[in-house]
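Structure at a glance
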Amino acid sequence: MVGKLTTTLTLAAAVAAIALPVMAQDPAHRPGEAAVDPYTIAEANAGVAPFEGTEMLEAFHGREGSDRIVDAMLDRSVADPRIAEIFVATDMVRLRRTLKEQFCYILNGGCAYTGRSMRDAHDDIGLQPADMGALVEHLQDAMDAEGVPFRTQNRFLAKLAPMRRDVVTR
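Predicted model only: the values in this text are computed from it and were never measured.

One pass over the full model with this rule turns up one disulfide. Disulfide partner of Cys104: Cys111, at an S-S distance of 1.9 Å. The chirality of the disulfide connecting Cys104 with Cys111 is right-handed, given an S-S dihedral of about 70 degrees. Judged on exposure class, the residue Cys104 and its partner Cys111 are both buried.

Going through the model one piece at a time under the given rule, you end up with nine salt bridges. The partner of Arg155 in a salt bridge is Glu55, with the nearest N and O atoms 3.7 Å apart. One end of the pair, Arg155, is in helix H7 (residues 150–160); the other, Glu55, is in helix H2 (residues 55–59), and 100 residues separate them in sequence. Exposure remark for Arg155: the relative accessible area of 32% places this residue in the partly exposed category. Residues Arg68 and Glu146 are paired through a salt bridge, measuring 2.7 Å at the closest nitrogen-oxygen approach. Of this pair, Arg68 sits in helix H3 (residues 62–79) while Glu146 sits in helix H6 (residues 129–146), placing them 78 residues apart in sequence. On the basis of relative accessible area, Arg68 is assigned to the partly exposed category, the value being 43%. Take Glu146: its relative accessible area is 15%, and that puts it in the buried class.

Parameters and conventions
- Residues numbered from 1 in each chain as written.
- Predicted model: local features only at pLDDT ≥ 70, side-chain atom pairs only at ≥ 80, totals over all residues.
- Heavy atoms only, no water.
- Disulfide = S-S within 2.5 Å.
- Buried < 20%, exposed > 50% of the residue type's maximum accessible area, 1.4 Å probe, protein only.
- Salt bridge = Lys/Arg side-chain N within 4 Å of Asp/Glu carboxyl O.
- Helix = DSSP H or I, 4+ residues; strand = E, 2+ residues; numbered from the N terminus.

Function cannot be read off these values alone, since they describe shape.
Written as structure tokens, this is what we have:
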């Protein structure tokens, strides 16, 4: 009877886990990241649908190239006196991880995006249009350094553009 009860409880727990919305993982499972309030993980949080096919991902030199672009963009942004203050209180470990996931997801690289929605992630930051302009400038510089063709950069930026309304809040 105990074995049957244990099996039933285990099965019920598994069904409940599948039926509930996926919540953000405990920060202890993400070394180096600060705690955040739980939120529902959903592909829609990435802000846009991914590109179809592999052409864009290949132009970014795969996931590794996309990751290098995110790192270079953030390094440039943190060093830029125009916007450096934005990043002072930012969990850079989480930001790097979620941006890499987001870019990989958008480029159809087979990644899941586990970050918050663009509106929720930027709600308290107070980004202004000039801040967004500087971030885009750093993204373009990083894509140039990675050798992403200009036309491909424009396609990527056009894909990101609708997110501006959720990111620029002042």
